[in-house]
2 protein chains.
Amino acid sequence: MPENPSPREQDAWRGLVLTAQLLEATLDRQLQQLEGIPHAYYGILIALFEQPEHRARMSDVAQRLRFSQSRLTHAVRRLEDQGLVERVQGDGDRRVVTVGLTHEGLQLIRRAAPKQAAEVRRKLLARLAPEQVEQLAEITAVLLEGLEEGWR
Amino acid sequence: MPENPSPREQDAWRGLVLTAQLLEATLDRQLQQLEGIPHAYYGILIALFEQPEHRARMSDVAQRLRFSQSRLTHAVRRLEDQGLVERVQGDGDRRVVTVGLTHEGLQLIRRAAPKQAAEVRRKLLARLAPEQVEQLAEITAVLLEGLEEGWR
DNA sequence: ACGGAATAGTTGAGGGTTCAAGTATGTTGT
DNA sequence: ACAACATACTTGAACCCTCAACTATTCCGT
């Protein structure tokens, strides 16, 4: 028998959902304005940037970002159109496609990342007490577990 | 001079962003499957449900949900097509449009809401310790402040 | 070695969101 | 009274994501 949520749980839940929506929307608008790409695409560039030689297999990127393959394919096509990323043919398994940052993509990251990080810190993280940062890291880790496992 | 984020801040930040993305995606998939509407539209129905007579002005709904007017217009059109919602002409100011739940919309809420709440509780909130729920409510309240004020 | 299943990625259609522009109505200052 | 501005909402195009096929390649059991 599922017990009803407590009022405080409702507060937390509503806060979380609203935060999730607003956070995505805000980051999206910001990056779209500054760099002409949506936040999700910025995530792709960052993920590549963190990889050795700034490149990785499609499916690895997809898994890391929790993108569907289809979504990633579409996204990479657009990023390629903008010259930020390029597809490289792998030597071995001919099914795999490797994506890498172009020079232009690399420049975008170098330009945008510090600004982005500072902005986030100034407007969001800095408002939290140090122990709240700690708590947030904990809490999101737990929630992610719950979100990862199939759910349905 | 913006100080660099601490490693723990990065954990919190990454966790938050991933949680936000995954949460939206998960709720979306769930409601799309069960009720044939995206999570955002479910939010509209809930917002109306909580209003006296289950109806409200377009702009009030938009403000409460942080939707753009355009987004809400499109959304309401589709919800109307599905018979879940109806536009009512206001008596006074002829610019305002009032949206109300139809009988069918009301039924959908009554059917879906308890299931939805239980699911959320079981898969997410129940994993958190009571003090973490408290902390999450606190933290999201702070973050929402930061997200509300223009940002740029 | 061969047929079937699994894996990697792509494609196209359909739906949702954004952004800029547009319509209609109300309010305000003079 | 009237022009200028503001408010409430709508429209259409461009873009992004999802979902369900589909292609191409590799793996596996016999």
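Structure first, text after, so check above.
Everything in this summary refers to the structure shown in the same document. (Residues numbered from 1 in each chain as written. Chains lettered and ligands numbered in written order. Predicted model: local features only at pLDDT ≥ 70, side-chain atom pairs only at ≥ 80, totals over all residues. Heavy atoms only, no water.)

1. Description of the protein's contact with DNA strand C
In step 1: By nearness alone, 24 residues border DNA strand C, and S59, Q69 and R87 of chain A together with S70 and R78 of chain B come closest of all.
In step 2: Close to the protein, within 4 Å, the atoms of DNA strand C belong to sugar or phosphate groups at a rate of 65%.
In step 3: In the environment of DNA strand C, a base nitrogen lies 2.6 Å from a nitrogen or oxygen atom belonging to the side chain of S70 of chain B.
In step 4: With respect to DNA strand C, the side chain of H74 of chain B contributes an N or O atom lying 3.2 Å from a base oxygen.
In step 5: For the surface near DNA strand C, the secondary structure elements donating two or more residues are α3 (58–65) and α4 (69–81) of chain A together with α2 (39–49) and α4 (69–81) of chain B. (Near = heavy atom within 4 Å. Polar contact = N/O pair within 3.5 Å; in protein donor to acceptor, adjacent residues only side chain to side chain. Helix = DSSP H or I, 4+ residues; strand = E, 2+ residues; numbered from the N terminus.)

2. Concerning the sheet that holds strand β1 (residues 55–57) of chain B
Residues and elements named next belong to chain B.
In step 1: Read from one edge to the other, the open sheet built from three strands follows the order β1-β3-β2, with strand pairing classed as antiparallel. The sheet terminates laterally at β1 and β2 (85–89), the two strands that pair on one side only. Shown here is a sheet whose adjacent strand axes are inclined to one another by a mean of 30°, direction ignored.
In step 2: Alignment of β1 against strand β3 (residues 97–101), held across three bridges, turns out to be antiparallel. Pairing of R57 across the sheet is with T98, part of β3.
In step 3: The sheet strands contacting α2 are β1, β2 and β3, and the helix crosses β3 at an angle near 95°. (Pairing = 2+ DSSP bridges. Axes fitted to C-alpha atoms, helices over the stretch in contact; angles between N-to-C directions. Contact = heavy atoms within 4.5 Å.)

3. Things to note about the protein's contact with DNA strand D
In step 1: DNA strand D sits among 24 residues. The nearest are S70 of chain A together with S59, Q69, R87 and V97 of chain B.
In step 2: Considering DNA strand D, the proportion of its atoms within 4 Å of the protein that are sugar or phosphate atoms stands at 65%.
In step 3: Between DNA strand D and S70 of chain A, the relevant distance is 2.5 Å, taken from a base nitrogen to a side-chain nitrogen or oxygen of the residue.
In step 4: Taking T73 of chain B, its side chain carries an N or O atom lying 2.8 Å from a phosphate oxygen of DNA strand D.
In step 5: Those elements that provide at least two residues to the surface near DNA strand D are α2 (39–49) and α4 of chain A together with α3 (58–65) and α4 of chain B.

4. Quick notes on unusual backbone geometry
In step 1: One non-glycine residue with positive phi stands out, namely H54 of chain A, at about 55°.
In step 2: Assignment of secondary structure puts H54 of chain A in the loop between α2 and β1 (55–57).
In step 3: Note on H54 of chain A: relative accessible area 24%, which makes it partly exposed.
In step 4: A positive phi is found at E53 of chain B, a non-glycine position, where the angle reads about 65°.
In step 5: By the element assignment, E53 of chain B lies in the loop between α2 and β1. (Buried < 20%, exposed > 50% of the residue type's maximum accessible area, 1.4 Å probe, protein only.)

5. As for the interface of chain B and chain A
Frequently, the measure chosen for interface size is the accessible area removed from exposure when the parts meet.
In step 1: Residue-level contacts link 57 residues of chain B with 57 residues of chain A.
In step 2: Of the roughly 6,400 Å² buried between chain B and chain A on both sides combined, carbon and sulfur atoms contribute 68%.
In step 3: Taken together, the connections running from chain B to chain A amount to ten salt bridges.
In step 4: The partner of R121 of chain A in a salt bridge is E9 of chain B, with the nearest N and O atoms 2.9 Å apart.
In step 5: For the interface between chain B and chain A, the tally reads six residue pairs in polar contact (both at pLDDT 80 or more).
In step 6: Taken together, the elements giving at least two residues each to the side of chain B that touches chain A come down to α1 (7–35), α5 (103–123) and α6 (130–148) of chain B.
In step 7: Among the elements that take part in the side of chain B that touches chain A, α1 of chain B stands out by supplying 21 residues, more than any other.
In step 8: Looking at the side of chain B that touches chain A, its residues break down into 26 nonpolar, twelve polar and 19 charged. (Buried area = accessible area lost by both parts, 1.4 Å probe. Salt bridge = Lys/Arg side-chain N within 4 Å of Asp/Glu carboxyl O. Nonpolar A, V, L, I, M, F, W, Y, C, P; charged D, E, K, R; others polar.)

Fair warning: the whole summary comes from geometry, so function is off the table for now.
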